[in-house]
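Structural overview
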Amino acid sequence: MSTSSGPVPAAPAGGDRRHRKNKAMIAVLAITQTIGYGTLYYAFAVFLGPLAADLHTSATVVTGAFTASVLTSAALAIPVGRRLDRHGGRALMTGGSLLGVVLLVAFSGVQEVWQLYAVQIGIGVASAASLYEAAFAVIIAGVSAARRSAALLAVTVVAGFASTVFLPLAGWLTAAHGWRTALLVLAAVQAITVPLHALATPRRAPRTDKAAGGTGEPRPSSRPVVRAALADRDFWLLALGFTAHTAAVSTFTVHVVAALVGWGHRPDFAAAVAGLIGVLSVAGRLITTGLQRRYRTASVTAAVFAVQAAAALTLPVVGALTAGAAGAVIGFGLGFGVATIAKPVLLAERYDTTRYATLAGIIVVPATLAKAVAPLAAAALYAATGGYTAVFTAVAVCCAVAATAIAALRRGAPQAASDAALTDGRVGARRWPVLELGLASDTQVQTYRRVMTTTEGQAWVPDACTLPTAEQPLRQAEFDDLFATALRGQQRLSPTTLRWVIDPAAESTARDLTDRESSCCAFFTFTFRQDGAGLRLDVEVPAAHVAVLDALASRAAPWTRS
């Protein structure tokens, strides 16, 4: 459960401090991801030609070193994820950033091909420890469910301009001072990320209830959670969807310029149209995040992937026309960065967030392999068919597979994974949700139940409820007391939003209660607002949990005084 505030002055200091700290962390990650991707990833393209010339080798051999870096990151995804889940991100991301500085300096001094490969493999290690996957794990662990999408958007929108900033910068430095000096300058820029990660990234992952506002009861062990996720069909649908999409995006990016030139366009036009993809990816992320406020993330993501499939399929048909080529690339480019923000959101919605990094790492491995292999397979397909029609048809098929897989996800959190998330490692021992709410099947009377399923058969299990079982009756009684003494009115604003009018004298009590509740449940959002009618408290839930809000409204109804 999460809590947000409108323009009400007397908010508890603790919640405000956490919010300010999270905002600072997000701002820092936006900066460090922009720098990290610019120096460790995008700048390599500028050095490709000069490197091949100075090392007296081919561009293919030099590109192989970059591929080795990408594959190293993939190989480390799972162990890095486990460490993030167990120990948090500060030490890992700070160390990864520092390693990146050292390796960029070493990169500037390479004289042999084997040295280039060694440096690039090391950069793969630094990237795995300090770039998106690590940053997303820190955000998922530290930011409430209600603010995750906005936090991920903020980081990825800023970092989406890494290529826009660092490709020209690296190009200018190389032209003016040579590639070796350019790398030393980039190493100095990369050094900025070291203190930023050290100061703003949380020291450790929360491992007990105390960290989340409880009493120190141990978090669930990772093995049951991960095993349950791996046994869930939806997890493999996510893996299939994002792997297929990564293959499509990687192939499109590598081959679109050559395809446009082959269809008769000038190289500068082809490069300019392809360059739109970076800007379009930012626009796509903004649009997608806006749509997530009204529709399921899975539905929005599947729809975007379907649009990309149509654009890729259309490109060979209209690609010879200026407007047709631009339109198809725009259609595909709008979905270019959507997977980046959709994957962490979908994983966090469905599985225990204390094991997010491990689960994300498992998906990263096949996706990264697809990223490396798909363009080569597309090149072979082009050679076999003598044209790009088959290549972009394959891209469309991959996008269609991705859309189908994401659309097939079930609504709500998978029961098996949720059950595992509520198990504390002892046989039969569970930490039940704070408010197990259900409506009796024949009446509108709200009942409290300590069972996993309501009387209408609808399960409600949060991602990870951390309130100890012994404290749950006390928490329930606190809500009842708030309803009995301070609830003045209740209004259902929408299927997913309930408004309570609260006695202003009870503001401190209500804020304290909702703030503590937000520490152990993740899918409610509380928003306080002060106006002429008094103190308003809006309660929001995702569309998948409307039945829970129905039950909560029924429980509060007997105490409504309006």
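Rules and cut-offs
- Residues numbered from 1 in each chain as written.
- Predicted model: local features only at pLDDT ≥ 70, side-chain atom pairs only at ≥ 80, totals over all residues.
- Heavy atoms only, no water.
- Helix = DSSP H or I, 4+ residues; strand = E, 2+ residues; numbered from the N terminus.
- Contact = heavy atoms within 4.5 Å.
- Areas by Shrake-Rupley, 256 points an atom, 1.4 Å probe, with all protein chains shown as cover.
- Salt bridge = Lys/Arg side-chain N within 4 Å of Asp/Glu carboxyl O.
- Buried < 20%, exposed > 50% of the residue type's maximum accessible area, 1.4 Å probe, protein only.
- Phe/Tyr/Trp six-rings, centres within 6.5 Å; stacked < 30°, edge-to-face > 60°.
- Lys NZ or Arg CZ within 6 Å of the ring centre and 35° of its normal.
- Pairing = 2+ DSSP bridges.
- 1 Å grid on protein atoms, 1.4 Å probe; cavity = no way out; pocket = protein on both sides within 12 Å on 5 of 7 lines; lining within 4 Å.
- Points joined across faces, edges and corners; volume = space filled by probe spheres on them.
- Nonpolar A, V, L, I, M, F, W, Y, C, P; charged D, E, K, R; others polar.
- Core = buried A, V, L, I, M, F, W, Y, C linked by side-chain atoms within 4.5 Å.
- Expected span 1.5 Å × (residues − 1).
- Bend = angle between axes of the 7 residues up to and from the residue.
- Axes fitted to C-alpha atoms, helices over the stretch in contact; angles between N-to-C directions.
- Left-handed = near helix turned anticlockwise from the far one by under 90°.
- Patch = residues over 30% accessible without salt bridge, like charges linked within 9 Å, V, L, I, M, F, W, Y side chains within 5 Å.
- Parallel < 35°, antiparallel > 145°, perpendicular 65-115°, else oblique.

1. A look at the overall build of the protein chain
For the protein chain, the helix and strand inventory stands at 22 helices and seven strands. Partitioning the contacts of the protein chain with sequence separation of at least 6, the portion at a separation of at least 24 is 78%. By element, 63% of the accessible surface of the protein chain is carried by carbon and sulfur atoms, the whole surface being about 22900 Å².

2. Re the pattern of salt bridges
In total, this model carries six salt bridges according to the counting rule given. The shortest N-O distance in the salt bridge between Arg-233 and Asp-234 comes to 2.9 Å. Note that Asp-538 and Arg-499 form a salt bridge whose closest N and O atoms lie 2.7 Å from each other. Of the two residues, Asp-538 sits in strand S7 (residues 534-540) while Arg-499 sits in strand S5 (residues 497-502), which places them 39 residues apart along the sequence. There is no split in this pair, since Asp-538 and Arg-499 are both buried. Among the charged side chains, a network of salt bridges with common partners joins Arg-499, Arg-529 and Asp-538.

3. Comments concerning the packing of aromatic side chains
Two measures describe an aromatic ring pair: the distance that separates the ring centres and the angle between the ring planes. Throughout the structure, instances matching the rule amount to 18 aromatic pairs. Between Tyr-382 and Tyr-388, the aromatic rings sit 4.3 Å apart at their centres with planes inclined by 25°, giving stacked as the arrangement. Accessibility expressed as a relative area gives 33% for Tyr-382, which makes it partly exposed. Put simply, the rings of Tyr-37, Tyr-41, Tyr-42, Phe-44, Phe-47, Phe-66, Phe-107, Tyr-132, Phe-136 and Trp-179 pair up and form one aromatic cluster. Between Arg-511 and the ring centre of Phe-528, over which it is positioned, the NZ or CZ distance is 4.4 Å.

4. Topic: the pairing of S5
Moving residue by residue along a regular strand, the side chains alternate between the two faces of the sheet. S5 sits mainly inside the fold: six of its six residues count as buried. Strand direction decides the pairing type here: strand S4 (residues 487-494) and S5, joined by six bridges, are antiparallel. Each bridged residue has a counterpart across the sheet, and for Leu-487 the counterpart in S5 is Ile-502. Between S4 and S5, which pair antiparallel in sequence order, lie two residues. When S5 meets S7, the two strands line up antiparallel, connected through six bridges. From the neighbouring strand, Ile-502 faces S7, where its bridge partner is Leu-535.

5. Structural notes on empty space enclosed by the protein
Empty pockets left among the atoms are what a rolling probe the size of a water molecule brings to light. Scanning the model with the defined rule gives two cavities of 30 Å³ or more in all. Size it by volume and the largest cavity reaches roughly 40 Å³. Thr-39, Leu-40, Tyr-41, Ala-43, Phe-44, Phe-47, Leu-104, Phe-107, Gln-120, Ile-123 and Leu-183 are the residues that line the largest cavity. The set of elements that each furnish at least two residues to the lining of the largest cavity consists of helix H1 (13-42), helix H2 (44-54), helix H4 (90-107) and helix H5 (113-130). By residue number, the principal contributor to the lining of the largest cavity is H1, which donates three residues. Residues of the lining of the largest cavity, tallied by class, amount to nine nonpolar, two polar and no charged.

6. Looking at the nonpolar core
With 58 residues, the main nonpolar core has Leu-238, Phe-242, Leu-347 and Ile-406 as its most contacted residues. When near neighbours in sequence (up to four residues on either side) are disregarded, Ile-406 contacts Leu-237, Leu-238, Gly-241, Phe-242, Ala-298, Thr-301, Ala-302, Phe-305 and Leu-346. Membership of the second largest hydrophobic core comes to 27 residues, among which are Ala-43, Phe-107, Leu-116 and Trp-179.

7. Examining the environment of Asp-550
For Asp-550, the location among the structural elements is in helix H22 (residues 546-556). The exposure class assigned to Asp-550 is partly exposed, which follows from its relative accessible area of 30%. For the pair Asp-550 and Pro-495, spaced 55 residues apart in the sequence, the C-alpha separation amounts to 8.3 Å.

8. Let's talk about the side chain of Gln-120
By secondary structure assignment, the location of Gln-120 is in helix H5. The residues contacting Gln-120, other than those within four sequence positions of it, are Phe-44, Ala-65, Phe-66, Ser-69 and Phe-107.

9. Comments concerning helix H13 (residues 267-292)
With 26 residues, H13 extends 38 Å from end C-alpha to end C-alpha; this agrees with the ideal 38 Å at 1.5 Å per step. Bending of H13 peaks at approximately 35° at the position of Val-279.

10. Things to note about the packing of helix H12 (residues 233-262) against helix H17 (residues 356-385)
Where H12 meets H17, the axes come as close as 7 Å, and the angle between the chain directions of the two elements is 35°. Considering the relative orientation of H12 and H17, their crossing is right-handed. Here Phe-235, Leu-238, Ala-239, Phe-242, Thr-243, Thr-246, Ala-247, Ser-250, Thr-251, Val-254 and His-255 of H12 come into contact with H17, specifically with Leu-359, Ile-362, Ile-363, Pro-366, Ala-367, Ala-370, Lys-371, Ala-374, Pro-375, Ala-378 and Ala-379. When the residues that make up the contact of H12 with H17 are grouped by side-chain class, the tally is 16 nonpolar, five polar and one charged.

11. Topic: a nonpolar patch on the surface
A cluster of nonpolar side chains, Leu-276, Ile-287, Leu-291, Tyr-295, Ile-330 and Leu-334, forms an exposed patch at the surface whose accessible area comes to about 490 Å². For the nonpolar patch, the element with the highest residue contribution is H13, accounting for three residues. Along the chain, the position of Leu-291 falls in helix H13. Since its relative accessible area comes to 36%, Leu-291 is described here as partly exposed.

12. Re the packing of helix H14 (residues 297-318) against helix H18 (residues 389-407)
Contact pair H14 / H18: the axes reach a minimum separation of 8 Å and the direction vectors enclose 165°. Judged on the interaxial angle alone, H18 and H14 are roughly antiparallel. Where H14 crosses over H18, the two elements pack in a sense that is left-handed. Of the residues in H18, those touching H14 at Ala-298, Thr-301, Ala-302, Phe-305, Ala-306, Gln-308, Ala-309, Ala-312, Leu-313, Leu-315 and Pro-316 are Thr-389, Phe-392, Thr-393, Val-395, Ala-396, Cys-399, Ala-400, Ala-402, Ala-403, Ile-406 and Ala-407. The class makeup of the residues in the contact of H14 with H18 is 18 nonpolar, four polar and no charged.

13. Focus: unusual backbone geometry
Not every positive phi belongs to a glycine, and His-56 is a case in point at roughly 55°. On the secondary structure map, His-56 appears in the loop between H2 and helix H3 (59-87).

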